[in-house]
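What follows is the residue order along each chain.
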Amino acid sequence: MTPYLWLSGIDSTIKTPLERAPQVDSNVTAIDLLSHLSAVPFMGSIEIRNGPLGLLGDALHVPVAPARRPATSPLAGATRR
């Protein structure tokens, strides 16, 4: 077993079909992600060997909550007939 620590940020660009916002950029640093954790993160790995064959797996679970709630649509409460 080898303990390790991993930190990462998110840098993304989303292209949209909208003329007023053809591209949406997002940049979240590792410190920002840590400040918005909603539960305890989990990280682990497993290795299974059988002779010359081996299988390696890695899992990372980072529960992050948004800093603010998205705006509600005026149609959110509308019922469909």
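As the structure is a computational prediction, the values presented were derived from the model and not from experiment.

Looking at the overall build of the protein chain
Along the protein chain, the regular secondary structure elements total 1 helix and 4 strands. Along its sequence from the N terminus, the protein chain presents helices and strands in the succession β-β-α-β-β. Evaluated residue by residue, the protein chain yields a buried proportion of 5% over its 81 residues. Within the protein chain, contacts between residues at least 6 apart in sequence are counted, and of these 32% link residues at least 24 apart. When the accessible area of the protein chain is evaluated, it comes to approximately 7,900 Å², of which 59% is carbon and sulfur surface.

Here we look at the pairing of strand S3 (residues 42–50)
Taken together, the 9 bridges between S3 and strand S4 (residues 53–61) define a ladder with antiparallel strand orientation. Bridge pairing links Met 43 to Leu 60 in S4. Between S3 and S4, which pair antiparallel in sequence order, lie 2 residues; one of them, Gly 51, sits at a positive phi of approximately 65 degrees.

Considering the confidence of the model for the protein chain
Residue-level pLDDT values for the protein chain average 79, and 77% of them are 70 or greater. Of all the helices and strands in the protein chain, helix H1 (residues 30–35) carries the lowest mean pLDDT, 84, while S4 carries the highest, 91.

A short note on the pattern of salt bridges
Enumeration over the complete set of coordinates arrives at 1 salt bridge. In this structure, the salt-bridge partner of Arg 49 is Glu 47, at a minimum N-O distance of 2.7 Å. Residue classification places Arg 49 among the exposed positions, given a relative accessible area of 66%. By relative accessible area, Glu 47 is classed as partly exposed at 48%.

With respect to a nonpolar patch on the surface
A contiguous nonpolar surface patch, about 460 Å² in accessible area, is contributed by Leu 5, Leu 7, Ile 31 and Leu 34. Examined against the element boundaries, Leu 5 turns out to sit in the segment before strand S1 (10–15). The exposure class assigned to Leu 5 is exposed, which follows from its relative accessible area of 75%.

Digging into the environment of Leu 7
With respect to the element layout, Leu 7 can be found in the segment before S1. A residue is classified by how much of its surface remains accessible, and Leu 7, at 51% relative accessible area, is exposed. Once residues within four sequence positions are removed from consideration, Leu 7 is found in contact with Ala 30 and Leu 34.

Definitions and cut-offs
As a convention, each chain's residues are numbered from 1 in the sequence order in which they are written. Residue-level local features of this predicted model are given only where pLDDT is at least 70; pairs of side-chain atoms are given and counted only at 80 or more, and the full residue set underlies all totals for whole chains, interfaces and linings. Only hydrogens and water are set aside when side-chain values are computed; all heavy atoms of the structure are taken into account. Secondary structure counts use DSSP, requiring at least four H or I residues in a row for a helix and at least two E residues in a row for a strand, with both numbered from the N terminus. For each residue, the accessible area found with a 1.4 Å probe, counting protein chains only, is set against the maximum for its type, and the residue is called buried under 20%, exposed over 50%, and partly exposed in between. Working rule for contacts: check all heavy atoms of both residues, and any pair within 4.5 Å makes them a contact. Only the protein chains shown count as cover for residues, and the accessible areas themselves come from Shrake-Rupley with a 1.4 Å probe. When DSSP finds at least two bridges between two strands, those strands are taken to pair. Residue-level confidence of the predictor is summarised by pLDDT, bounded by 0 at the bottom and 100 at the top. A side-chain nitrogen of Lys or Arg and a carboxyl oxygen of Asp or Glu constitute a salt bridge if their distance falls within 4 Å. Surface patches are drawn from residues lacking salt bridges whose relative accessible area is over 30%; two like charges belong together within 9 Å, two nonpolar side chains (Val, Leu, Ile, Met, Phe, Trp, Tyr) within 5 Å.

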